[in-house]
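# What the coordinates show
Spelled out from the first residue to the last, the chains are:
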Amino acid sequence: QVQLVESGGGLVQAGGSLRLSCAASGGTFSSYTMGWFRQAPGKERDFVASITWNGFSTYYADSVKGRFTVSRDNAKNTVYLQMVSLKPEDTAIYYCAAAYFTSAAGMVGRKNAYWGQGTQVTVSS
């Protein structure tokens, strides 16, 4: 059983930056592909970015390419999402997810995973 705890959310002005963290425990972190998802009010939860268990491969939603960067530190059991040039439409609850040995693209639309509780990101215009 993997437990995930997100942190780093907050209120930021448009054009600003935030770095989200997701700390994992209870499993072998280096065996899990990690993903970031977000859910805006009244909308479905959408894929944002993912990174394979070894960090060799990443995958991004078109809406965040060039602005968001996913990375991981297996020694710290933590995955990060660096977000720059934030826009009001990035406002959402951001969740991290862990899936055992799957491809980075395989996280898109994935529901069968371990999930964190989420962290709120609000971007003001």
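Relevant structure appears above.
Residues numbered from 1 in each chain as written. Predicted model: local features only at pLDDT ≥ 70, side-chain atom pairs only at ≥ 80, totals over all residues. Heavy atoms only, no water.

### What to know about the overall build of the chain
As a reminder, the rule being used: Counting from the N terminus, the helices are DSSP H or I runs at least four residues long and the strands are E runs at least two residues long. Only C-alpha atoms enter the radius of gyration, while the globule expectation follows 2.2 Å times N to the 0.38, with N the number of residues. Note on exposure labels: buried denotes an accessible area under 20% of the residue type's maximum, exposed denotes more than 50%, and partly exposed covers the range between, all computed with a 1.4 Å probe on protein chains only. Note on contacts: a residue pair is in contact if any heavy atoms of the two residues lie within 4.5 Å. To be clear on the numbers: accessible area is Shrake-Rupley with a 1.4 Å probe, and residue cover counts the displayed protein chains and nothing else. Neither His nor the chain ends is counted toward charge; the positive residues are Lys and Arg and the negative residues Asp and Glu. Think of each charge as sitting on NZ of Lys, CZ of Arg, CG of Asp or CD of Glu.
Within the chain one finds zero helices and eleven strands. Mapped from its N terminus to its C terminus, the chain presents α and β elements in the order β-β-β-β-β-β-β-β-β-β-β. Rg of the C-alpha trace for the chain: 13 Å, near the compact-globule value of 14 Å for 125 residues, within the 12% margin. The principal-axis extents of the C-alpha atoms in the chain amount to approximately 40 × 25 × 25 Å. Residues counted as buried form 44% of the 125 residues belonging to the chain. Long-range pairs, those at least 24 residues apart, make up 60% of the contacts in the chain with a sequence separation of at least 6. Carbon and sulfur atoms make up 48% of the accessible area of the chain, which totals about 6200 Å². A gap of 4 Å separates the mean positions of the 11 positive and 7 negative side-chain charges of the chain.

### Quick word on the sheet that holds strand E3 (residues 18-25)
Across a sheet, strands are paired by hydrogen bonds formed along the backbone, either parallel or antiparallel in direction. The condition is simple: A pair of strands counts as paired when DSSP detects no fewer than two bridges linking them. Each axis is a line fitted through C-alpha atoms, taken for helices only over the stretch in contact, and angles between the N-to-C directions span 0 to 180 degrees.
Spatially, four strands are ordered E1-E3-E8-E7 in an open sheet, and the strand pairing comes out antiparallel. Each edge of the sheet is formed by a strand with only one pairing partner; in this case those strands are strand E1 (3-7) and strand E7 (68-73). Strand after strand, the sheet turns through a mean of 15° between neighbouring axes, direction not considered. By the bridge criterion, six bridges tie E7 to strand E8 (residues 78-83) in an arrangement that is antiparallel. From the neighbouring strand, Phe68 faces E8, where its bridge partner is Met83.

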